[in-house]
Amino acid sequence: MTNIDIEVRVNGVPQRHSVPPRLTLADFLRVDCGLTGTHLGCEHGVCGACSVMLDGEAVRACLVFAVQADGAEITTIEGIASKDGTLSTVQAAFRDNHGLQCGFCTPGFVMTATALLKDNPRPSDDEIREGISGNLCRCTGYQGIIAAVRAAAEADDQSH
Ligand code: FES
Ligand code: FES
């Protein structure tokens, strides 16, 4: 099949690539862009490890074709911290609240939590549970993750 030219902005950087129509956004980011912070677990939409933001919405990059992202703004975990390396509020809250152990699921959780708090800056615990329900973690038992999202919401609240 013929490749298709796409133009995207990834973490603010314009990119032009020629991609096969069936290349997933996850493989595009990891292989073509070298951004391996987007993890692949199940590769069929169940685990959330591949979550990225597409025009500000959290999506599963294993379920999106790269060609569908043509013209879009994509944010990956590599674009979440400040340029000087300062962690985002969500990242710092995960670190401070034991929101990770092995870290495999963490990029996906950070992207999902960042999108959740953008849409709902003061979520209840039930809304946090609902918001992260599409992401799987095999290590933490989730309590630290819920505490991290709550702490990030409170930290953002104080900074406003
Ligand atoms: S790798 Fe995409 S949802 Fe699991
Ligand atoms: S920290 Fe290991 S899978 Fe979540």
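For clarity, every value in this text was computed on a predicted model and none was experimentally measured.

Asker: Please clarify how the overall build of the protein should be interpreted in this entry.
Answerer: Secondary structure assignment for the protein yields 5 helices and 5 strands. For the protein, the α and β elements follow one another from N to C terminus as β-β-α-β-β-β-α-α-α-α. In terms of overall size, the protein behaves like a compact globule, its C-alpha atoms giving a radius of gyration of 16 Å where 160 residues would be expected to give roughly 15 Å. The dimensions of the protein, computed from C-alpha atoms along their principal axes, are 50 × 30 × 25 Å. For the protein, the residues scored as buried account for 44% of the 160 residues in total. The contacts of the protein with a sequence gap of at least 6 include a subset with a gap of at least 24, amounting to 56%. Entry remark: accessible area of the protein is about 8,400 Å², with carbon and sulfur atoms responsible for 49%. Across the protein, the centroid of the 12 positively charged side chains sits 3 Å from that of the 20 negatively charged ones.

Asker: Got a minute to help me understand the side chain of threonine 140 in this structure?
Answerer: Structurally, threonine 140 is set in the loop between helix 4 (125–131) and helix 5 (143–159). For threonine 140, a relative accessible area of 15% puts it in the buried group.

Asker: Would you explain the side chain of glutamine 15 in this entry?
Answerer: You can see glutamine 15 is positioned in strand 2 (residues 13–19). A distance of 2.9 Å separates the side chain of glutamine 15 from the side chain of histidine 17, its partner in a polar contact. Discounting residues that sit within four places of it in the chain, glutamine 15 has contacts with Ile6, Glu7, Val8, Val10 and Cys33.

Asker: Would you mind going over the domain arrangement of the protein with me for this structure?
Answerer: Bring the parts together and some accessible area is lost; that lost area is often taken as the interface size. Looking at the protein, the domain boundaries give domain 1 (4–79) and domain 2 (89–159). Relative to domain 2, the C-alpha centre of domain 1 lies at a distance of 21 Å. Each side of the interface is counted separately: domain 1 has 17 residues, and domain 2 has 14 residues. When domain 1 packs against domain 2, close to 1,200 Å² is buried across both sides, 64% of that on carbon and sulfur atoms. In this structure, the connection of domain 1 to domain 2 is made through 0 salt bridges. Taken together, domain 1 and domain 2 are joined by 5 residue pairs in polar contact (both at pLDDT 80 or more). Ranked by the residues each element gives to the side of domain 1 that touches domain 2, the list is headed by strand 3 (residues 51–54), at 3 residues. In terms of residue class, the side of domain 1 that touches domain 2 is built from 8 nonpolar, 8 polar and 1 charged.

Asker: Is there a simple way to think about the nonpolar core in this case?
Answerer: A general feature of soluble globular proteins is that nonpolar side chains tend to end up buried together. One finds Val90, Phe94, Phe109 and Val149 to be the most contacted residues of the largest nonpolar core, which totals 23 residues. Contributing elements (two or more residues each) for this core: helix 2 (89–96), helix 3 (106–119) and helix 5. In terms of residues, this core owes the most to one element, helix 3, which gives 7 residues. Not counting residues up to four positions away in its chain, the partners in contact with valine 90 are Val110, Ala113, Thr114, Leu117 and Ala152. Counting residues in each nonpolar core, the second largest holds 22 residues, with Ile6, Val19, Val52 and Ala72 among its members.

Asker: Sorry, what's going on with the environment of alanine 152 here?
Answerer: Here alanine 152 is to be found in helix 5. The buried category is assigned to alanine 152, whose relative accessible area is 0%. Along the chain, alanine 152 and alanine 61 lie 91 residues apart, while their C-alpha atoms are 24 Å from each other. Setting aside residues no more than four positions away along its own chain, alanine 152 makes contact with Thr89, Val90, Ala93 and Leu117.

What counts as what
- Residues numbered from 1 in each chain as written.
- Chains lettered and ligands numbered in written order.
- Predicted model: local features only at pLDDT ≥ 70, side-chain atom pairs only at ≥ 80, totals over all residues.
- Heavy atoms only, no water.
- Helix = DSSP H or I, 4+ residues; strand = E, 2+ residues; numbered from the N terminus.
- Rg over C-alpha atoms; globule rule 2.2 N^0.38 Å.
- Buried < 20%, exposed > 50% of the residue type's maximum accessible area, 1.4 Å probe, protein only.
- Contact = heavy atoms within 4.5 Å.
- Areas by Shrake-Rupley, 256 points an atom, 1.4 Å probe, with all protein chains shown as cover.
- Lys, Arg positive; Asp, Glu negative; His and termini not counted.
- Charge placed at Lys NZ, Arg CZ, Asp CG, Glu CD.
- Polar contact = N/O pair within 3.5 Å; in protein donor to acceptor, adjacent residues only side chain to side chain.
- Domains from an automatic or database assignment.
- Buried area = accessible area lost by both parts, 1.4 Å probe.
- Salt bridge = Lys/Arg side-chain N within 4 Å of Asp/Glu carboxyl O.
- Nonpolar A, V, L, I, M, F, W, Y, C, P; charged D, E, K, R; others polar.
- Core = buried A, V, L, I, M, F, W, Y, C linked by side-chain atoms within 4.5 Å.

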